[in-house]
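Residue-level structure breakdown
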Amino acid sequence: MAVKTKTQKQVNTLISDLQPLEQSPVQSVLTKDQIETENFKLEELEFTDKIPNELLPNAQKLLQNLQILRSILKRPVKIIPGGGYRSQETNAKVKGAKESKHLLCQASDIRVEGLTPHQVHETIEKLISEGKMSEGGLGLYSTFVHYDVRGERARWNG
Ligand SMILES: [Zn+2]
């Protein structure tokens, strides 16, 4: 039996009956399960301020990178009080930089038990150079190390 060909009119009708392609769905809010890693809880970034939903993807990227450091060092990596996400108000109180990556939930100030900040700093630098941690901001301070996932290289001593 010959395949019945459709007329252009029928084709046009079929086309007009098609549902339009779905618009890309509204970006759904990341869940805690998607953000938290084996050793890091979301609350560890929230000392004073709750992280707004739109910044949760930054929290996810940050914790994924800190988890890599944690897994390599096999020691707890502690985010110091105020060393996670900061609202504008909190940042002003602690005299943080105006463009601080803590405002974007991209930054962490960390300490690792049993290691000097210098050693932690060196380890992160090595992991970045090997492509194992994301490039970003790395600051060495006397009592902690600042690491952020801004995506571009920045280095300083506090
Ligand atoms: Zn910092």
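Now for a description of the structure that goes with this document. Since the structure is predicted, the reported quantities are computational estimates derived from the model, not experimental observations.

Rules used throughout
- Residues numbered from 1 in each chain as written.
- Predicted model: local features only at pLDDT ≥ 70, side-chain atom pairs only at ≥ 80, totals over all residues.
- Helix = DSSP H or I, 4+ residues; strand = E, 2+ residues; numbered from the N terminus.
- Rg over C-alpha atoms; globule rule 2.2 N^0.38 Å.
- Buried ≥ 20, exposed ≤ 12 C-beta atoms within 10 Å, placed from the backbone.
- Contact = placed C-beta atoms within 7 Å.
- Expected span 1.5 Å × (residues − 1).
- Arc of directions from axis to C-beta.
- Pairing = 2+ DSSP bridges.
- Axes fitted to C-alpha atoms, helices over the stretch in contact; angles between N-to-C directions.

Right, let's talk about the overall build of the protein for a bit. For the protein, the count of helices and strands is five helices and five strands. Listed N to C, the secondary structure of the protein is α-α-α-β-α-β-α-β-β-β in terms of helices and strands. Over its C-alpha trace the protein gives a radius of gyration of 23 Å, far above what one expects of a compact globule, namely 15 Å for 158 residues. Seen through its C-alpha atoms, the protein measures out along the principal axes to roughly 85 × 35 × 25 Å. Here the protein holds 158 residues, and 25% of them are scored as buried. Here the contacts in the protein between residues at least 6 apart in sequence split such that 63% fall between residues at least 24 apart.

Let's shift gears to helix H5 (residues 117-129). The end-to-end C-alpha distance of H5 is 18 Å, a good match for the 18 Å that 13 residues give at a rise of 1.5 Å each. Along H5, the positions that sit buried rather than exposed are Pro117, Val120, His121 and Ile124. Each buried residue of H5 lies within a common arc of 100 degrees when the element is viewed along its axis, so the set occupies one face. Within H5, the exposed residues directed more than 90 degrees away from the buried face are His118, Lys126 and Ser129. Buried residues in H5 make contact with helix H3 (56-73), strand E2 (107-112), strand E3 (137-140) and strand E4 (145-148).

Attention now goes to unusual backbone geometry. Unusually for a residue other than glycine, Lys74 sits at a positive phi of about 55 degrees. Mapped onto the fold, Lys74 is located in the loop between H3 and strand E1 (77-79). One non-glycine residue, Lys95, lies in positive phi territory at about 55 degrees. Among the structural elements, Lys95 can be located in the loop between helix H4 (88-93) and E2.

The next subject is the environment of Lys61. You can see Lys61 is positioned in helix H3. Residue classification places Lys61 among the partly exposed positions, given that 18 C-beta atoms sit within 10 Å. Considered as a pair, Lys61 and Thr123 are 62 residues apart in the sequence and their alpha carbons are 19 Å apart. Discounting residues that sit within four places of it in the chain, Lys61 has contacts with Ser134 and Val149.

Taken in spatial order, the five strands make up an open sheet running E1-E2-E4-E3-E5, and their pairing is mixed. Of all strands in the sheet, those with a lone pairing partner are E1 and strand E5 (154-157), marking the two edges. Looking at each pair of strands side by side, their axes are set apart by 25 degrees on average, direction ignored. Here four bridges tie E3 to E4, and the two strands are oriented antiparallel to one another. In the sheet register, Gly139 faces E4, and the bridge partner there is His146. Packing of H3 onto the sheet brings it into contact with E1 and E2, and relative to E1 it is tilted by some 145 degrees. Of the strands in this sheet, E2, E3 and E4 touch H5, which is tilted by about 160 degrees from E3.

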